[in-house]
Amino acid sequence: MVLCAATRSGAALDAPTVQPWLDKHLPNLVTKAQALRDGATWTEVGALLEATVQAAQELKPVLAGTARAAFVLAVVQSLVREFAPPSAQWLRLLLDSPFAAMLVEMAFRWLFPGG
């Protein structure tokens, strides 16, 4: 994950800060990621990205925009590595490319157009 990323207060993001968020949202995100096992399509990828972005909004008081986006990307990358089938190599490559950050930004803008 993105532990040690800068928080709004200037402190480092640590496990005690993130753990309640993980406890609350990880089960749903894992369920979304498990849907990738049946063949990672844009529908499943979009659902995982959307759910992660929506959940990450709860971290807004702690993480500023860029750090929150990096957190989302790290969560999605971890879940894809864990649950996507070998045939989804295209998705792993995509998430490791510079385009991945643009996908996350587009998801934030689509879900929260006002910022």
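Cut-offs applied
Residues numbered from 1 in each chain as written. Predicted model: local features only at pLDDT ≥ 70, side-chain atom pairs only at ≥ 80, totals over all residues. Heavy atoms only, no water. Helix = DSSP H or I, 4+ residues; strand = E, 2+ residues; numbered from the N terminus. Buried < 20%, exposed > 50% of the residue type's maximum accessible area, 1.4 Å probe, protein only. Contact = heavy atoms within 4.5 Å. Areas by Shrake-Rupley, 256 points an atom, 1.4 Å probe, with all protein chains shown as cover. Core = buried A, V, L, I, M, F, W, Y, C linked by side-chain atoms within 4.5 Å. Salt bridge = Lys/Arg side-chain N within 4 Å of Asp/Glu carboxyl O. Phe/Tyr/Trp six-rings, centres within 6.5 Å; stacked < 30°, edge-to-face > 60°. Axes fitted to C-alpha atoms, helices over the stretch in contact; angles between N-to-C directions. Parallel < 35°, antiparallel > 145°, perpendicular 65-115°, else oblique. Left-handed = near helix turned anticlockwise from the far one by under 90°. Nonpolar A, V, L, I, M, F, W, Y, C, P; charged D, E, K, R; others polar. Expected span 1.5 Å × (residues − 1). Bend = angle between axes of the 7 residues up to and from the residue.

A few points about the overall build of the chain
Of the regular secondary structure elements, the chain holds 5 helices and 0 strands. Listing the helices and strands of the chain from first to last along the sequence gives α-α-α-α-α. Scored against the burial criterion, the 115 residues of the chain give a buried share of 42%. Of all intrachain contacts in the chain linking residues separated by at least 6 positions in sequence, the fraction that spans at least 24 positions is 63%. Accessible surface for the chain amounts to roughly 6,300 Å². Of this, 61% is attributable to carbon and sulfur atoms.

Concerning the nonpolar core
Counting 38 residues, the largest nonpolar core has Trp21, Leu36, Leu49, Phe71, Val72, Val80 and Leu91 as its most contacted members. Residue assignment for this core shows that the elements contributing at least two residues are helix 1 (15-34), helix 2 (42-56), helix 3 (65-83), helix 4 (89-95) and helix 5 (99-111). When residues in this core are grouped by element, the largest group, 10 residues, is from helix 3. In this structure Val80 touches Leu36, Leu48, Leu91, Arg92 and Leu95, once residues within four positions along its chain are discounted.

Describing the pattern of salt bridges
The tally for this structure, following the rule as stated, stands at 3 salt bridges. Taking the shortest distance from any N to any O, the salt bridge between Lys24 and Glu58 comes out at 2.8 Å. In this pair, Lys24 sits in helix 1 while Glu58 sits in the loop between helix 2 and helix 3, placing the two residues 34 residues apart along the sequence. Across the salt bridge formed by Glu105 and Arg109, the nearest N and O atoms sit 2.7 Å from each other. You can see Glu105 and its partner Arg109 sitting in helix 5, 4 residues apart, about one turn around the helix.

Observations regarding the packing of aromatic side chains
Using the criterion set out here, one finds 2 aromatic pairs in the structure. With 5.0 Å between their ring centres and 75° between their planes, Trp21 and Phe71 make a pair best called edge-to-face. Of the two residues, Trp21 is situated in helix 1 and Phe71 in helix 3; the sequence distance between them amounts to 50 residues. Each member of the pair, Trp21 together with Phe71, is buried.

With respect to the packing of helix 3 against helix 5
In the contact formed by helix 3 and helix 5, the axes pass within 10 Å of each other and the chain directions differ by 115°. For the element pair helix 3 / helix 5, the angle class is roughly perpendicular. Two packed elements cross with a definite hand, and for helix 3 against helix 5 that hand is right-handed. Within the contact between the two elements, helix 3 uses Arg68, Ala69, Val72 and Leu73 and helix 5 uses Ala100, Ala101, Val104 and Phe108. Class assignment of the residues belonging to the contact of helix 3 with helix 5 gives a composition of 7 nonpolar, no polar and 1 charged.

Structural notes on helix 1
Here helix 1 spans only 24 Å end to end across 20 residues, well under the 28 Å set by a 1.5 Å rise per residue. The largest bend along helix 1 measures about 50° and falls at His25, with the proline Pro27 one to four residues further on. What helix 1 keeps buried is the set Val18, Trp21, Leu22, His25, Leu29 and Ala33. Among the structural elements, helix 2 and helix 3 are those in contact with the buried residues of helix 1.

These figures capture arrangement, not role.
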